[in-house]
Each structure stands twice: as C-alpha cells, then as structure tokens.
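Breakdown of the fold
Here are the chains, one letter per residue:
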Amino acid sequence: PIHHFGGFDEKKLKEKQLKYMEYSKKRIEKNPKDVKAYCDISLINFKFLNNIEEAIKNLSKAIEADKKYIRSYIILGEIYVRLKKYEDAISCYKKIIEIDNKNSDAYFNLGQIYFELKKYKEADESYKKALEFGCIHSEEIYRRLKAISV
C-alpha cells in the first residue's frame with residue numbers, strides 16, 4: 001500500500017489506496033496464496049478505511065496461506081491493540097517470537113502492552129529483550145524502564 005501520506009490531498013490518496021487494493025485483489029485471483037496481497041488489503045482496510053472486520057478476514061486468509069509470514073501477525077497485533085484486546089495482541093506477538101526469536105519489534109510491542117496492563121515485570125523483560133536485539137525505539141524503552149524502576 002501507499003504509506004507515504006505527505007503531499008497528497010485526501011481524494012487522491014483515497015483513489016491511490018483503492019487502486020492498490022484492486023491491484024492486490026487481482027494478485028490474489030492469480031495466486032490465492034499471495035500472503036503479501038492479503039496483508040496489503042488488510043492494512044488498507046485497517047489504517048485507511050477503518051474496516052476492521054475486513055482487515056481481520058484478509059489476515060486470516062494470509063495466515064492460512066502461510067503461518068510463518070510475520071507481517072500478518074504484526075498487523076493483526078496492531079488491530080487487537082486498537083480494539084484493546086490485549087491478550088489476543090500478546091498472542092500475535094508471541095507467535096512472531098516463535099517464528100523469529102530475535103524480532104525486536106515483537107518484544108517492544110509486548111513491552112508496550114504489558115506496560116499498559118501494569119504488568120511491569122513482563123514489560124521490563126520484554127523491553128530488555130527488544131534492546132538486546134537492536135530495537136530502534138530505544139529512547140522510548142529507556143523512558144519506560146526508568147518509569148518501571150521508580
């Protein structure tokens with residue numbers, strides 16, 4: 001999908017997103033196991049059209065096609081966080097770690113959820129793992145770790 005929102009007016013952006021969605025649907029017609037296309041459609045539905053149900057439906061198809069495609073779980077985790085379904089989001093990020101146990105973003109996102117739930121021990125462990133594996137959100141992590149230790 002088109003992720004760069006700067007410089008577009010709202011109408012042109014919507015047109016581009018919808019065109020990309022149609023392109024992705026055609027890719028799926030040619031290859032029903034095109035997990036990237038399912039994820040692209042899900043992301044447009046989730047972030048741009050706010051159609052959560054459709055986003056989840058396409059992510060289910062992506063996961064069915066390839067249970068190890070991490071991006072599916074990342075998007076699904078984001079959706080669950082937005083819906084405040086934290087246990088489901090935790091499951092998504094843990095699944096990512098099963099697939100790639102050095103995925104710093106999954107550890108960071110787990111830390112964020114645990115912090116939100118005031119599960120500070122788990123947040124601390126997750127944040128430290130994220131740092132260990134080179135998470136780019138180190139400033140945020142250090143700020144949160146400092147808040148936990150106070």
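Below is a summary of the structure that appears in this document. Bear in mind the structure is a predicted one, so any value in this text is a computation, not a measurement. (Residues numbered from 1 in each chain as written. Predicted model: local features only at pLDDT ≥ 70, side-chain atom pairs only at ≥ 80, totals over all residues. Heavy atoms only, no water.)

**Some points on the environment of Leu49**
Counted only if it meets this: Strands are runs of DSSP state E lasting at least 2 residues, helices are runs of H or I lasting at least 4, and numbering of each runs from the N terminus. Here, two residues are considered to be in contact whenever any of their heavy atoms come within 4.5 Å of each other.
Looking at the secondary structure, you find Leu49 in the loop between α2 (35-48) and α3 (52-65). Along the primary structure Leu49 and Lys26 are separated by 23 residues, whereas in three dimensions their C-alpha atoms are 19 Å apart. Leu49 has contacts with Leu18, Met21 and Ile44, leaving out every residue within four places of it along the chain.

**Some thoughts on unusual backbone geometry**
Leave glycine aside and you will find that most residues have negative phi; peptide bonds, for their part, are mostly trans. Formally: Classification of residues uses two cut-offs on accessible area relative to the type maximum, computed with a 1.4 Å probe and protein chains only: under 20% is buried, over 50% is exposed, and between them is partly exposed.
Even without a glycine there, the phi angle at Lys84 is positive, about 60°. Along the polypeptide, Lys84 turns up in the loop between α4 (70-82) and α5 (86-99). Relative accessible area serves as the criterion here: at 60%, Lys84 is assigned to the exposed category.

**Some points on the nonpolar core**
Stated precisely, the cut-off is as follows: Definition used in this section: a nonpolar core is a set of buried Ala, Val, Leu, Ile, Met, Phe, Trp, Tyr and Cys residues joined via side-chain atoms within 4.5 Å.
In terms of nonpolar packing, the biggest core is built from 42 residues, with Ile75, Ile79, Tyr93, Tyr127 and Ile141 touching the most fellow members. Of all the secondary-structure elements, those providing two or more residues to this core are α1 (10-30), α2, α3, α4, α5, α6 (104-116), α7 (120-132) and α8 (138-149). The leading source of residues in this core is α2, at eight residues. Those residues in contact with Tyr93 that lie beyond four places of it in its chain are Ile74, Gly77, Glu78, Val81, Ala106, Asn109, Leu110 and Ile113.

Geometry only, nothing functional implied.
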